[in-house]
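Summary of the model geometry
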Amino acid sequence: MAGADVAQPKKERKGSTKKAKKLHRVSARVDLTPMVDVVMLLITFFMLTTVFTTPQTMEINLPPDETPVEVGESSLLTLRVMADGSIYWNMGIERPQRITFSDLRPLLMERIASNPKLITLVKVQRDGTFNQMVDVMDELGIARITRFSMAPFKDVDLKFIQKGLGG
Amino acid sequence: MAKKTRASVIIDMTPMVDVCMLLLTFFMLTTQFRPPSEAEVTLPVSHAAFKLPESNVMTIWVTKDGSLFLGVDAQQLRVKIFGEENKLRPSVKVPDKQTLADLMVRARIANPKLRTVIRGDKGTPYGVVEDVMNVLQQVKITRFSLVTELETK
């Protein structure tokens, strides 16, 4: 048993006999259970407060300033995200079609499989939320479409969609 | 009967305390308390698997109401950019886009290795984020990341 026998009998004998008789040896064994309790509590606290999860990131590359890139009409997929959450897609200058978010992933996968050179343009309405943008970008990432760019949503786009739906 | 001796119930706790203390010290030293941030954002979720780098990060917070905050992780850099009084603040409110551009240029000059990340709230209007991305393009930061939470399903 570690550390229990601390007192040295030789020294005690050297002291005066009066003292030696009165001196009761106090037990050196301390009950450590409460201490262990406290320490365990602290460990639990620190374990629970330690943040192990670092957030994930999505990397985006912007083209270095306004360098016009020629894109073949047939390989351009435009996704327009409206503020109300509806998504419209079209190839080149075809009529835009509405698509639900859950159908987006199969569509993207099918398109990229049929044309690996596909370039995707994402336009999100300014009133839309950041979450919508991240969601759409995430779908692109899942479909392994690495080449996509963000473009501002203009009035022309809105008219384009309205015209496409009306006509 | 006579042979049966009762085993001592007193257990020596010392080694256990030693181990516990060691663990405690480890956790105390490794814990980094997240400093209270003025910019509260709820991150969107995604399947992106890149981890956020731990150092050399410049963060742009875009809160729900569209206000912008800029922060860097190193304290020396904070002093250089925002002044001594903002040394302990993880993020400082930026009044407008021009100031944001200036501050980012200064930060990048002070530490060229700085990586830019955007922490946007789920409900932030996309227009504000678009503006921030335009500012980034202006100051020639063409590579940046969006911080998201990992989707668990």
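All values reported here derive from a predicted model rather than from experimental measurement.

**Description of the pairing of strand 3 (residues 87-91) of chain A**
Residue and element names in this part refer to chain A. Most of strand 3 sits out of view: five of its five residues are buried. Every second residue of strand 3 is oriented toward a common face, with Ile-87, Trp-89 and Met-91 on one face and Tyr-88 and Asn-90 on the other, all of them buried. Bridging between strand 2 (residues 76-81) and strand 3 involves five bridges; their strand directions are antiparallel. In the sheet register, Arg-80 faces strand 3, and the bridge partner there is Tyr-88. The hairpin formed by strand 2 and strand 3 contains five residues between the paired strands, and Gly-85 there has a positive phi angle of roughly 100 degrees. Examined bridge by bridge, strand 3 and strand 4 (residues 97-99) share three bridges and lie antiparallel to one another. From the neighbouring strand, Trp-89 faces strand 4, where its bridge partner is Gln-97.

**Thoughts on helix 4 (residues 101-114) of chain A**
All names here are of chain A. The end-to-end C-alpha distance of helix 4 is 21 Å, a good match for the 20 Å that 14 residues give at a rise of 1.5 Å each. For helix 4, the complete set of buried residues consists of Leu-104, Leu-107, Leu-108 and Ile-112. An end-on view of helix 4 places all buried positions within 125 degrees of arc, on one side of the element. Facing away from the buried side of helix 4 by over 90 degrees, the exposed positions are Ser-102, Ala-113 and Ser-114.

**A word on the interface of chain B and chain A**
Size of an interface, as often reported, equals the accessible area lost when the parts are brought together. Residue-level contacts link 54 residues of chain B with 47 residues of chain A. Buried area between chain B and chain A, summed over both chains or domains, comes out near 4,500 Å², and the portion from carbon and sulfur atoms is 66%. Area buried by chain B at its contact with chain A is led by Phe-27, Tyr-126 and Leu-146 of chain B, which between them contribute 16% of it. There are four salt bridges connecting chain B and chain A. Linking Glu-59 of chain A and Arg-115 of chain B is a salt bridge whose minimum nitrogen-to-oxygen distance equals 3.5 Å. Our count for the chain B to chain A interface comes out at 13 residue pairs in polar contact (both at pLDDT 80 or more).

**Considering the confidence of the model for chain A**
Mean pLDDT over chain A works out to 77, with 77% of the residues at or above the 70 mark. Every residue in residues 1-18 of chain A scores below 50 in pLDDT, and together they form twelve contacts with partners more than four places removed in sequence or on other chains.

The rules behind each value
- Here the residue numbering is sequential within each chain, running from 1 through the sequence in written order.
- Written order determines the labels here, with chains lettered from A and ligands numbered from 1.
- Per-residue local features of the predicted model are confined to residues with pLDDT of at least 70, and side-chain atom pairs are confined, for both listing and counting, to 80 or more; whole-chain, interface and lining totals are unaffected and use all residues.
- Heavy atoms from the whole structure form the basis of all side-chain values; hydrogens and water molecules are not counted.
- For each residue, the accessible area found with a 1.4 Å probe, counting protein chains only, is set against the maximum for its type, and the residue is called buried under 20%, exposed over 50%, and partly exposed in between.
- Strands are runs of DSSP state E lasting at least two residues, helices are runs of H or I lasting at least four, and both sets are numbered from the N terminus onward.
- When DSSP finds two or more bridges between a pair of strands, those strands are recorded as paired.
- Working rule for helices: expected span equals 1.5 Å times residues minus one.
- As used here, the arc belongs to the directions running from the helix axis to the C-beta atoms.
- When checking whether two residues touch, look at their non-hydrogen atoms; a contact exists if any pair is within 4.5 Å.
- When two parts are brought into contact, each loses some accessible area as probed by a 1.4 Å sphere; the total of that loss over both is the buried area.
- One side-chain nitrogen of Lys or Arg within 4 Å of one carboxyl oxygen of Asp or Glu is enough to make a salt bridge.
- We call two N or O atoms a polar contact when they sit within 3.5 Å, provided that within protein one can donate a hydrogen and the other can accept it, with sequence-adjacent residues counted only if both atoms are side-chain atoms.
- Within a predicted model, pLDDT stands for the predictor's per-residue confidence, ranging from 0 to 100.

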